[in-house]
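Spelled out, the chains give:
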Amino acid sequence: MIIVAGTLQIEKADAKLSKPHILEVMRKTAKEKGCIVYRFSKDLQTDGLFQIYEEWETEADLDAHSKSSHIAAFLDALSKINIISRDLKKFEAANIRPL
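For the structure given in this document, a descriptive report is provided here. Not measured: the values here are computed from a predicted model.

For the rest of this paragraph, the subject is the sheet that holds strand β4 (residues 83-92). Taken in spatial order, the four strands of this open sheet run β2-β3-β1-β4, and their pairing is antiparallel. Two strands close off the open sheet at either side, each with one partner strand: β2 (35-42) and β4. On average, adjacent strands in this sheet sit at an angle of 10 degrees to one another, irrespective of strand direction. Pairing geometry for β2 and strand β3 (residues 49-56), over seven bridges, is antiparallel. From the neighbouring strand, C35 faces β3, where its bridge partner is W56.

Have a look at this one:
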């Protein structure tokens, strides 16, 4: 399993503008082959900060997602708003079990 986790910090004034784009990319990505989880969550302490969490069955599934038309459209939409920072990390997970 591949896990992607991190943050996206959007200028407070632009955070509301990003919502329809985030919802659309979440909806379309959830239908992709290999997508287990794909979530953006608003941080409760910092306006405009989103926590991002993704789980993918394989690296190939994540690669296909990265090349999808809806990701291209999402990145284009983000280019029109003020992004303060973006920090994503990819992890390979093995031996996953409940706590």
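Read on for the rest.
So, about helix α3 (residues 69-78). H70, I71, F74, A77 and L78 are the residues of α3 that are buried. Angularly, the buried residues of α3 cover 120 degrees about the axis, an arc narrow enough to put them on a single face.

What counts, and at which threshold
Residues numbered from 1 in each chain as written. Predicted model: local features only at pLDDT ≥ 70, side-chain atom pairs only at ≥ 80, totals over all residues. Heavy atoms only, no water. Pairing = 2+ DSSP bridges. Helix = DSSP H or I, 4+ residues; strand = E, 2+ residues; numbered from the N terminus. Axes fitted to C-alpha atoms, helices over the stretch in contact; angles between N-to-C directions. Buried < 20%, exposed > 50% of the residue type's maximum accessible area, 1.4 Å probe, protein only. Arc of directions from axis to C-beta.

Function cannot be inferred from these measures alone, as they are strictly geometric.
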